[in-house]
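Analysis of the macromolecular model
In case you want the letters, here they are:
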Amino acid sequence: MMNSVHRPLNQLGEVWRRVTYSLLPATGFYCRSLCSSASQPDPIEIHKRKLMQWFSHLSQEEKQFGVTFSPESLHVDPYILEKHPQERRSPLRSPLQNDTPLSRALTLDQLFEPVQAWNDHRGLNVLLYGPVGTGKSMVVRKLVLGWCAGRTLTQFKLLVPFSCEDLSQLNRSTSLKELVGRKYLHLQGTPLLSGEGDRAKDVLFLFNGMEKLKLDFRIGSTELCSDPSEMLSAEAVVVNLLRKYLLPEASVLVTTRLSALDRIPPKYVSRYTQLCGFTDPESQRAYFTNRLQKSAECPRRQEIIELLFLNLQRESQLAAACFLPSYCWLTCATLHHLHFTDAHAPIRTLTGIYTSFLRLNFGGEVLGMGLGPEAGPGERQASLMLYVVRTVGKLAFDGVTKRRTCFSEEELEQWVGVKTTTDEELRQLSVFRTDVLDFFLVPCVKSGKGFPGEVHEKDERRYVFAVPAMQEYLAALYVVLGENKSALEKFTKEVTMAVGQAGEDVSTLITILSKFIPFRIFAIFNLLKLFPSVYEKIRSRSKGSIAKTMTTELFRTEDLYNEDVLDQVEQSLLGVHGPQLQDHDETPPFELYPIFMGGLLHFGNRVLLEQLGCIIKSTTVAQITRALRKHLIRELGKPQPPEELMDLLVLLYEFQNPRLTTDVLSSIRTIHLTNIRMTPLKCYVLSTVLSCTPDSFHLEELDLSSCHLTHNSLEMLWPAFRHTHNLNLQFNSLGPESCILLRDLLLDSKSSIRSLQLCDNPLSEAGVRSLLEALPKNSSLKRLSLMHTGLGDGVAMELAQSLHLHTGLQELNVAYNNIGDSSALSLVDACREHPSIHTVHLYLNPLSDVGKASLYVRGVKEDQGHGGTAGRRVRVLASVTEGQDLSEDWHPILSVIRKNFSSWDRERVQQQLQVFLRDLEWGRQQQPSFWKRLHFRRVEKGIRETLRMLETDPPKSRGNVK
C-alpha cells in the first residue's frame, strides 16, 4: 500500500513506534513537549488532533507528487463486499461477475451496522481482508482521518488504532490500559477503558495487519482475562478483545491478508468484509484524476489523463493491473516521472520508483510470521521480498533470457515453489501463493475482454506480469543479487567454505608440529589456501558477465526499430497513437532490463532493498562497475543510432555514478539525438549526465534537431549546452523567448559555443534581435545558421550593421527568409569587409535576377592598394546559377532543399524551384559549349525530381513559421 493513500502498515508502525518511544519517562523534556499536559481538559480532542497529524504525514515517495495537497483529498474508496462466513475464501472477482446473492457492497459507515446474531451488549468484530495491494492500509487511513474530522464512524467517541507489526515487537507483558497509555499517553486514565458499565460501547479498536501477530484462541494457550489492568502478552490482549471477554461492549476492526483469515475462529467474527480494489473504470479514473491533476504544473496534464483512461478502456491488461490501487499508484508515479519532471526537485529515477513501490508494499513483510508456536526465530524472519526474488524473479529472468512475457501454469509450477521439502517451506509456499503471487502474475487478458479470469474453457490459461516492466525489474534484481549462480560457482563456494574451515584447523596443527618436524613437510597444506582465490576469480568473472549482458541488451541490434526506452514505458501506459508498423517483430526488446540492473547498483536503491532483506554488497557493485566501464567504452567505439544513445544516457542517469559517467562520456565526442522526442525528463537526464563531467569536458557536437524542443526544454538543457562546442537546434519550436536564453548562453563565460544552428525555428525578428545583442561580447561563435527563422529585411540590415562587432564569425546562413535585394547586398558587403566570414547563404529569398547577379560580383573584395594583397572571395550561395554559368555551389543548395522541403511551405518552395529552372534554361541557351549545356540539363533533371518528390510526399508539420 502507498503512503498518503495506501501506505504499508509498517510505515505507520514506524510513526507509532517513534511516538511511543518519545512518551517513555526516560525521554524527559522531549516527552513532555510531545504530550499533552494534565491541565488540558479533553484528551479525546488531543487524541484526534495527534491522529490527524500522524496519518496525514507524507513520505518521500508521496512528496514527489507535490506537497500542496491533502492526502485525504486523494482517497478513492475501493469496493468492499460483505461476505458470508461460508464464502469468505471465494475468489476476488469483478462485481459484474459476482452473482452470489449473499454478498453486498458496503461503505465505511456501514461496516458497523448491527448484526442480528450479535446483541446490543456486545460490540462488533469486523474482519476486513484482501490480498496485497487492494487498499487495506488506504482504508485504515481514510477511516482514521474521517473519524478525526467527524465524518466517519461518528457513533464511536474513541478510536484506538494499533499497528500489529508494532505490537509483535513487544517482548514483555502489558495490560490493555498500559498498552493504550504507552502508545497514546494522552489517553491514560480515560474512563472509556475502565471496564465499568457499558462505557466501552463507544470505543473502536483498530488492528492493522493481523497476520503479523501470533494469535492463539485455545484456552490452554491464552488465558481468559476481563480486567483491562491485568498484565498479559500483546497477543493475549488482542485475543481477549476478540473473544469479547475483555471490554465486550467495545467494537474491533481487524485488517489482514487472505492467508491469515482463519486464525480468528468464525464464532468471534460478526462480519467478514473483503476489499476488492477498483473494480469499475470510474474508480480508476477518479484516482488518476485526483493524483495527476494535483501534480506539478504541466500544460498536457488533462491530455495525459484522457490518453491514460482511453488506454485503460482499450487495453484490458493495463486495466487488470490497475484493478489494484497499488498499481494505480505505480502508474501515476511513472507518468509523473515521465511528464512532470522538475529540475529543482530531488533526483528521481525509474529504478527508484519501482524499488520504492516494492518497499511500500513489502517493507517489513516476512513470510513465516505468526505461523504457529512451533515456528522458530529464523523461520519467522524470512524476508518476503527475498522469497519473491527467488521464485517470481527466477521466472522473470527465465522469460527475459528466452525473450518471453507469457507463461503457462506448468511453468509457474516449475519455477515457483519447486524446492519445498519441509513443512515450514510448504507453509511459506501456501502463504506466498495466497497473498502475493497474484500481485505479480495475472491471467493474460486479450484486448476487448474484462477482468482477469475471463478465459474460454478451450483456451489454455496463460499468465503475464501485471506490469510488463516489473518482469524486467525482478529479473534484474535476481541477477544483481547473484541468485543466478552457475553450478560451478555454487560448487566452488561450498568447497571454498569447507576448505577454509579445514585450512584453519590444519594451520593450528602445523603451528604446533612445526616446532618438532621440518615445516616443508607440511607445505602441501598451503595449497588449501589457494582455493578461495580461485573462487574469487570465478566470482569476479561472473560480475563481468553481468556487465557484458547489460551492454549486449542495451545495444542489441535487432531492437533498432524500437523507440527509446522512456518512450516505450510511456506507450505502455498511454498507448500508441497513429499508424502502426506493419512489419513489426513481436519479440519484446527488454531494454529496461539492463537499465534496471544499473539503477539497482545505486546506493540509494541498495539502502531501500536492504530494508526488504535483499542485500547487494559493495564489492559486487565495484566488480560490476569496473567490467561495465570497459564494455560500454568498447561499444561506444561503434556508431550508435539516436535511440541507443538515449538509452545509454538513461542508464548512466539511473546508475548515478559520476566517475563511471565521466569515463564513459570521455570516450565519445558527439551525441546525436536527432528525431528523439525530448520530453522534460529526457532533457533533465541529458543535463544531469553531462553535469557529472568536469568543466573542461566539451562535446564536439550535440545534435538536438527535430527533437520537439520548447523554451522550457532549453531552460532544462542549459547545463548540457555549456559542455558543447557545436550546438544543433534545427527543426524545433523555439520562439523569441528562447533567443533571450540563447543570448545569455553566448554571453556566458563558461560557454564555448562555436556553431549554433537554429534553422526552421519560429524565432521572428524580435528573437533574432535578441541574439544580435550577444555578438559584441562573444568571441567563440564561428558559424551561425538562421535559415527559415522569420528573418526580414529590417533585421537583415541590422545584422549587416553589427557584423563588424564580432570578428570571429566565419559562416552565416540566412537562407529562406524574407530578405530582398537591398538588404542582401548590404549583408554581402558587410561580409566582404569582415575579416573572417568566407560563406553567406542567401538562397530561397525573394531576390531578383539583377540582385543575384550583383551579389556574385560583390562577393569578391577589391585590392586595397599600397601593395595590398589580392581580393578575398566570399562565397555567396544565392542560386544554382551565376549569370550564364552554373554556380559551383548548386549541389549543397539542392541537397538542403531536398532535406527540408517536407517541413517548409510547399507553394513557396515550388516557386523557388521554378525560378531555378528558369535560370537554368536561360543560362543553357546562352552557353556555346555542348558539355556545359549537358551539365545544365543534369542539374535541371535533379530539380524536376525534387519537384515530383514535393508533390507526392505528405507534408510534415513542425509548427514553424512559413
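The structure under discussion appears in the preceding block.
Computed from a prediction, not measured in an experiment: that's the story for all the values here.

Overview of the packing of helix 23 (residues 592-600) against helix 26 (residues 642-655)
- The contact between helix 23 and helix 26 brings their axes to 7 Å, and the two run at 25°. Here helix 26 runs roughly parallel to helix 23, going by the angle between their axes. Where helix 23 crosses over helix 26, the two elements pack in a sense that is right-handed. Across from Pro594, Ile595, Gly598 and Gly599 in helix 23, the residues of helix 26 making contact are Asp647, Val650, Leu651, Glu654 and Phe655.
- Grouping the constituent residues of the contact of helix 23 with helix 26 by class yields five nonpolar, two polar and two charged.

Considerations on the environment of Ser706
- Summarising the element assignment, Ser706 is placed in the loop between strand 12 (699-703) and helix 29 (711-721).
- Put simply, Ser706 and Asp760 are 54 residues apart on the chain and 9.5 Å apart in space, counted from C-alpha to C-alpha.

Looking at the state of the cysteines
- Applying the stated rule across the entire model yields zero disulfides.
- Summary of cysteine pairing: Cys444 is not part of a disulfide, and the nearest cysteine sulfur, belonging to Cys406, is at 4.4 Å.

What to know about the nonpolar core
- Ranked by internal contacts, the top residues of the largest apolar core, which has 177 residues, are Phe440, Met470, Leu474, Leu686, Leu729 and Leu842.
- In this structure, Leu842 is in contact with Val814, Ala815, Ile819, Ala824, Leu827, Val828, Leu847, Leu855, Val876, Leu877 and Ala878, ignoring residues within four places of it in sequence.
- One finds Trp147, Leu204, Met210 and Cys225 within the second-largest nonpolar core, a separate group that totals 71 residues.

A word on the pattern of salt bridges
- Under the counting rule described, the total for this entry stands at 26 salt bridges.
- For the salt bridge of Arg743 with Asp744, the shortest nitrogen-to-oxygen distance reads 3.3 Å.
- Ionic contacts of the salt-bridge type, sharing partners, join the residues Asp564, Asp567, Glu570, Arg677 and Lys682 into one network.

Looking at helix 28 (residues 680-691)
- Between its first and last C-alpha, helix 28 extends 16 Å over 12 residues, near the 16 Å set by a 1.5 Å rise per residue.
- Burial analysis of helix 28 places 10 of its 12 residues in the buried class, which makes it a mostly covered element.
- When we look at burial in helix 28, the residues that qualify are Leu681, Lys682, Cys683, Tyr684, Val685, Leu686, Ser687, Thr688, Val689 and Leu690.

A short note on helix 37 (residues 930-952)
- For helix 37, which comprises 23 residues, the first-to-last C-alpha distance of 34 Å matches the rise-based estimate of 33 Å (1.5 Å per residue) to within 8%.
- Among all positions of helix 37, only Phe936, Val939, Glu940, Gly942, Ile943, Thr946, Leu947 and Leu950 are buried.

Things to note about the pairing of strand 7 (residues 271-275)
- Of all five residues in strand 7, five are buried, a share of seventy percent or more.
- Judged by which residues are buried, strand 7 turns out to be covered on both faces: Arg271, Thr273 and Leu275 on one side and Tyr272 and Gln274 on the other are all buried.
- Summarising the sheet, strand 1 (residues 80-83) and strand 7 pair through four bridges and their orientation is antiparallel. When the bridges of strand 7 are listed, Glu82 appears paired with Thr273.
- Two strands pair when backbone bridges link them, and strand 3 (residues 125-129) and strand 7 are joined in this way by four bridges, in the parallel orientation. Its bridge partner lying in strand 7, Leu128 is registered against Thr273.

Quick look at the packing of aromatic side chains
- Applying the stated criterion across every chain yields a total of 22 aromatic pairs.
- Taking the centre distance of 5.4 Å and the plane angle of 35° together, the rings of Phe397 and Tyr478 count as tilted. Of this pair, Phe397 sits in helix 15 (residues 384-401) while Tyr478 sits in helix 19 (residues 468-480); the two residues are 81 residues apart in sequence, bridging distant segments of the chain.
- Three or more aromatic residues joined by ring pairs make a cluster, and in this case those are Tyr327, Trp329, Phe357, Phe362, Phe439 and Phe440.
- In this structure, Lys48 packs its charged tip against the face of Trp147, placed 5.0 Å from the ring centre.
- Positioned over the ring face of Phe309 is Arg285, at 4.3 Å from the centre of the ring.

What counts, and at which threshold
- Residues numbered from 1 in each chain as written.
- Predicted model: local features only at pLDDT ≥ 70, side-chain atom pairs only at ≥ 80, totals over all residues.
- Heavy atoms only, no water.
- Axes fitted to C-alpha atoms, helices over the stretch in contact; angles between N-to-C directions.
- Helix = DSSP H or I, 4+ residues; strand = E, 2+ residues; numbered from the N terminus.
- Parallel < 35°, antiparallel > 145°, perpendicular 65-115°, else oblique.
- Left-handed = near helix turned anticlockwise from the far one by under 90°.
- Contact = heavy atoms within 4.5 Å.
- Nonpolar A, V, L, I, M, F, W, Y, C, P; charged D, E, K, R; others polar.
- Disulfide = S-S within 2.5 Å.
- Core = buried A, V, L, I, M, F, W, Y, C linked by side-chain atoms within 4.5 Å.
- Buried < 20%, exposed > 50% of the residue type's maximum accessible area, 1.4 Å probe, protein only.
- Salt bridge = Lys/Arg side-chain N within 4 Å of Asp/Glu carboxyl O.
- Expected span 1.5 Å × (residues − 1).
- Pairing = 2+ DSSP bridges.
- Phe/Tyr/Trp six-rings, centres within 6.5 Å; stacked < 30°, edge-to-face > 60°.
- Lys NZ or Arg CZ within 6 Å of the ring centre and 35° of its normal.

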